[in-house]
Amino acid sequence: MAVPMRWSDMDAYGHVNNVVYLQYFEMARVALFFERASLEERTGLRRGTVVAAHEIAYKRPVVYSSRPLDVQIWVSGIRAAAFTCHYEVFDHENLAVTGSTLLAPFDFSIDRPRRLTPDEKEFLARWGDEPAG
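Residues numbered from 1 in each chain as written. Predicted model: local features only at pLDDT ≥ 70, side-chain atom pairs only at ≥ 80, totals over all residues. Heavy atoms only, no water.

## Points about the overall build of the protein
Within the protein, the secondary structure is distributed over 2 helices and 6 strands. In the protein, the order of α-helices and β-strands from amino to carboxyl end is β-α-β-β-β-β-β-α. When burial is assessed residue by residue, the protein has 35% of its 133 residues classed as buried. When contacts within the protein are restricted to residue pairs at least 6 apart in sequence, long-range pairs at least 24 apart make up 62% of them. (Helix = DSSP H or I, 4+ residues; strand = E, 2+ residues; numbered from the N terminus. Buried < 20%, exposed > 50% of the residue type's maximum accessible area, 1.4 Å probe, protein only. Contact = heavy atoms within 4.5 Å.)

## Observations concerning the packing of aromatic side chains
Summed over the entire model, instances satisfying the criterion amount to 7 aromatic pairs. Taken together, the ring pairs connect Tyr21, Tyr24 and Tyr58 into an aromatic cluster. (Phe/Tyr/Trp six-rings, centres within 6.5 Å; stacked < 30°, edge-to-face > 60°.)

## Remarks on the nonpolar core
Ranked by internal contacts, the top residues of the largest apolar core, which has 25 residues, are Tyr24, Phe33, Phe83 and Leu124. Listing elements by their share of this core, those giving two or more residues are α1 (20-40), β3 (69-76), β4 (83-91), β5 (94-107) and α2 (118-125). Counting residues per element, this core draws most heavily on α1, at 7 residues. Discounting chain neighbours no more than four positions away, the residues touching Leu124 are Phe33, Leu45, Val75, Ile78, Phe83 and Leu116. (Core = buried A, V, L, I, M, F, W, Y, C linked by side-chain atoms within 4.5 Å.)

## Considerations on the confidence of the model for the protein
Summary statistics for the protein give a mean pLDDT of 89 and a share of 89% for residues scoring 70 or more. The element-level mean pLDDT for the protein is lowest in α1, coming to 82, with β4 highest at 97. (pLDDT = per-residue confidence, 0-100.)

## Some thoughts on α2
Among all positions in α2, only Glu120, Phe123 and Leu124 are buried. The arc that holds every buried residue of α2, seen down its axis, measures 95 degrees, which confines them to one face. Seen from the buried face of α2, the exposed residues on the opposite side, beyond 90 degrees, are Pro118 and Asp119. (Arc of directions from axis to C-beta.)

## A few points about unusual backbone geometry
The backbone of His92 shows a phi angle near 50 degrees, a positive value even though the residue is not glycine. Its identity is not glycine, yet Asp111 carries a phi of approximately 55 degrees, on the positive side. Locating Asp111 in the fold gives a position in the loop between β5 and β6 (112-113). Asp111 sits in the exposed class, given a relative accessible area of 59%.

## Digging into the side chain of Ser65
With respect to the helices and strands, the residue Ser65 is situated in the loop between β2 (49-58) and β3. In this structure Ser65 comes out as buried when scored by relative accessible area, which is 16%. Here Arg67 takes part through its backbone nitrogen, which lies 3.0 Å from a polar atom of the side chain of Ser65. The residues contacting Ser65, other than those within four sequence positions of it, are Met5 and His92. (Polar contact = N/O pair within 3.5 Å; in protein donor to acceptor, adjacent residues only side chain to side chain.)

## Some points on the environment of Leu45
The topology assignment puts Leu45 in the loop between α1 and β2. Residues Leu45 and Thr117 lie 72 residues apart in sequence; the distance between their C-alpha atoms is 9.7 Å. The residues contacting Leu45, other than those within four sequence positions of it, are Phe33, Phe83, Arg114, Leu116, Glu120, Phe123 and Leu124.

## Regarding the pairing of β4
Along β4, 7 of the 9 residues are buried, which leaves the element largely enclosed by surrounding structure. Across 9 bridges, β4 lies against β5 in antiparallel orientation. Residue pairing in the sheet places Thr84 in a bridge with Leu102 of β5. Where β4 folds back on β5, the antiparallel hairpin that results is connected by 2 residues, among which His92 adopts a positive phi of roughly 50 degrees. (Pairing = 2+ DSSP bridges.)

What follows is the structure, given as structure tokens:
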């Protein structure tokens, strides 16, 4: 997915600020769960997921460019009530950042986590790097 950089993403050191990558990860997730899901099917993931944890590894600094970053996203670790999104961020074909987000489906109407439905697991498995199981 192409993610444009904003001039305001840079910090005083002249490169993209480390916390901005969480926003880039979010953009990739939104594209997957809202745009792709709405084209293919409507899943409960559109109604609510919460972030349980993030991991990020910075490989190289990125400076502003009008050329968008390429953010690759895939899913693994699909369990009863959680799954993990993984990311690779490329700047001009160079790997700049890797990361992952542990997500849990959440029912905001009762303010509680919930289990993934079979349809949601099937949808997530299509974007996976491992067989659904």
